[in-house]
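Overview (structure and organization)
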Amino acid sequence: MASTLRPYLTCIRNTLDAAMCLQNFPCQEVERHNKPEIELKSSPELLLNPVLICRNESEKCLIETSINSLRISLKVKQADELENILTKKFLRFLSMRAEAFQVLRRKPVQGYDISFLITNYHCEEMQKHKLIDFIVQFMEDIDKEISELKMSVNTRGRLVATEFLKQFI
Amino acid sequence: MILLQSHSKFLLQTLWNRLQNLEKGIELDHHWVEFDDVRYHVQVSTKNPHVLLLSVSLPPPSSETIFVNGLPFGAIDAIKAAYGSTVQIKDPPRDGYNLTLKINLSKLPANQDQKQSFLVKVASVREVVLGAPLRVILKHLASRTVAPDIDPLVALVHRPRESFFLVPKADKVTVVYPMRFNDSIDIVLATSFLQEFVEARRTAGLHNTPPCSWSPTPPQELKEVPADALLANAGFVTFVIFPRHVEGPKLDRTVWNLSTFHAYVSYHVKCSEGFMHTRMRRRVETLIQALDRARPELEKKTAMNRSFKRLGIKKDSRNNSFS
């Protein structure tokens with residue numbers, strides 16, 4: 001499994017490098033409004049082709065770009081019931097703190113586990129290559145955290161069981 | 001604290017405090033609740049400062065378990081055996097409680113160690129009362145007999161309106177717990193913990209422990225039980241207790257561990273969730289720090305300020321050395 005991780009992340013990094021050319025674009029429909037066009041999807045000439053990168057059947061990444069905003073949606077691998085609830089719990093925890101993260105979307109896109117929304121303003125405030133570094137590190141950190149949480153649950157379970165059973169000796 | 005202790009810490013402390021201040025006429029009237037809906041009430045009046053009234057309320061039983069006079073069978077005998085004449089049972093018990101005990105604090109043994117162990121025993125009143133039927137059955141197991149007039153399948157209460165089941169035989173007692181949880185995350189965590197019980201037993205050094213198994217469906221022993229008592233979203237755990245597990249001093253420990261098995265698993269599931277929250281919060285902080293590194297302006301400004309200051313200091317030192 002680890003052998004596909006590096007190419008997957010490299011592919012996402014290269015795609016983001018190409019897709020993250022965002023510029024300020026005031027709204028065409030409403031005067032003096034400036035909205036992320038990728039969320040509205042009202043004018044097809046402002047949207048680029050969405051790119052879907054699949055690592056395997058259960059892990060994929062959807063990158064949708066428009067003239068002033070970029071949306072990245074991730075689906076994380078969930079092998080069994082325990083990983084399922086740990087992932088849901090952890091990603092919900094992160095999404096609720098979306099304001100602190102700024103580039104995180106409060107609700108994931110339908111069919112995915114977590115989404116980012118990057119606008120031209122973010123690109124003006126932060127360096128583009130560092131922002132991409134952050135996204136890729138985020139993905140690695142999610143995987144690491146889920147597996148560490150699962151291991152801590154199993155270790156605790158083993159300890160709890162051993163202590164209980166030792167009482168009977 | 002990994003294991004749940006059989007004495008209530010708050011009750012023990014209250015008793016000790018009362019004992020230190022026996023001569024002072026202080027009114028005492030405390031209510032509190034402990035896990036699985038066991039309620040305590042302690043009362044001391046200024047008229048009789050040596051007498052302490054302790055009332056206990058037990059979790060309400062479901063339809064399969066029967067309480068005799070509001071107490072599990074064997075409870076009155078167990079209380080008399082544990083406490084002797086220092087403690088009297090008040091009949092009827094205080095309103096809203098299953099049991100009221102009158103303790104005469106001036107009649108405690110004079111020896112400090114004996115006093116301490118007696119108070120610990122009083123603070124373990126929950127173990128004595130709720131564990132009484134289990135104690136009766138396991139005591140008979142230790143002598144390889146079966147208690148007279150006992151049903152082939154016994155249901156005992158361990159949580160409000162929920163019971164666990166025992167199949168007492170002369171050479172072994174099979175204990176089956178239907179594990180029920182309210183929260184969906186609790187269910188998944190508890191299922192993984194319970195499966196660890198089966199795995200942990202296979203490690204070396206634990207061969208003498210009771211054989212333990214887990215199944216998602218009701219096991220053979222519970223054939224005749226009505227379906228509503230068998231709703232268990234985290235499966236069924238079965239332990240087989242042999243006479244060697246209840247010999248001598250091990251009896252009390254076994255009774256306590258089996259009576260509070262569900263509470264033990266539930267406690268550790270909650271601890272696990274708390275630990276996960278701490279981890280997640282730490283991870284959020286790390287990620288936000290990583291994001292802050294993506295901001296360039298602050299770094300540039302401080303670098304320029306620093307180089308400005310350095311030139312300034314060098315100029316001054318040159319002036320000083322000349323003057």
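Residues numbered from 1 in each chain as written. Chains lettered and ligands numbered in written order. Predicted model: local features only at pLDDT ≥ 70, side-chain atom pairs only at ≥ 80, totals over all residues. Heavy atoms only, no water.

**Structural notes on the overall build of chain B**
Secondary structure assignment for chain B yields nine helices and 10 strands. Compactness check: chain B gives a C-alpha radius of gyration of 29 Å against a globular reference of 20 Å for 323 residues, more than 25% above the reference. In terms of overall dimensions, chain B has C-alpha extents of about 105 × 60 × 40 Å along its principal axes. For chain B, buried positions account for 47% of its 323 residues. Taking contacts inside chain B between residues at least 6 apart in sequence as the whole, the part at least 24 apart equals 63%. Carbon and sulfur atoms make up 53% of the accessible area of chain B, which totals about 16,900 Å². (Helix = DSSP H or I, 4+ residues; strand = E, 2+ residues; numbered from the N terminus. Rg over C-alpha atoms; globule rule 2.2 N^0.38 Å. Buried < 20%, exposed > 50% of the residue type's maximum accessible area, 1.4 Å probe, protein only. Contact = heavy atoms within 4.5 Å. Areas by Shrake-Rupley, 256 points an atom, 1.4 Å probe, with all protein chains shown as cover.)

**Thoughts on the nonpolar core**
Counting residues in hydrophobic clusters, the biggest one holds 50 residues, and the most contacted among them are L138(B), F197(B), F239(B), I241(B) and F261(B). Membership of the second largest hydrophobic core comes to 42 residues, among which are I114(A), I146(A), L287(B) and L291(B). (Core = buried A, V, L, I, M, F, W, Y, C linked by side-chain atoms within 4.5 Å.)

**As for the sheet that holds strand β3 (residues 51-57) of chain B**
Residues and elements named next belong to chain B. If you trace the five strands from one edge of the open sheet to the other, you get β1-β2-β3-β5-β4, paired in antiparallel fashion. The open sheet has two edge strands, β1 (28-34) and β4 (87-90), and neither has a second partner. Strand after strand, the sheet turns through a mean of 20° between neighbouring axes, direction not considered. Two elements, β4 and strand β5 (residues 99-104), share four bridges in a ladder whose sense is antiparallel. By the bridge assignment for β5, Q88 is matched with K102. (Pairing = 2+ DSSP bridges. Axes fitted to C-alpha atoms, helices over the stretch in contact; angles between N-to-C directions.)

**Examining the interface of chain A and chain B**
Taken together, the contact pairs 41 residues of chain A with 48 residues of chain B. When the two sides are added together, the surface that chain A and chain B hide from each other amounts to roughly 4,700 Å², 71% of it contributed by carbon and sulfur. Counting every contact that joins chain A to chain B gives six salt bridges. Salt-bridge contacts for E145(A) lead to R279(B); the nearest nitrogen and oxygen are separated by 2.9 Å. (Buried area = accessible area lost by both parts, 1.4 Å probe. Salt bridge = Lys/Arg side-chain N within 4 Å of Asp/Glu carboxyl O.)

**Let's talk about the pairing of strand β7 (residues 162-168) of chain B**
Residues and elements named next belong to chain B. Taking burial as the measure, the seven residues of β7 include seven buried ones, the bulk of the element. The alternating pattern of β7 places E162, F164, L166 and P168 and S163, F165 and V167 on opposite faces, both of which are buried. The pairing of strand β6 (residues 154-159) with β7 spans five bridges and is classified as antiparallel. For R159, the partnering residue across the bridge sits in β7 and is E162. Between the end of β6 and the start of β7, which pair antiparallel, lie two residues, with R161 showing a positive phi angle near 60°. Bridge count between β7 and strand β8 (residues 173-178): four bridges; the pairing is antiparallel. Counterpart to L166 in the pairing with β8 is V175. Hairpin connection from β7 to β8: four residues lie between these consecutive antiparallel strands.

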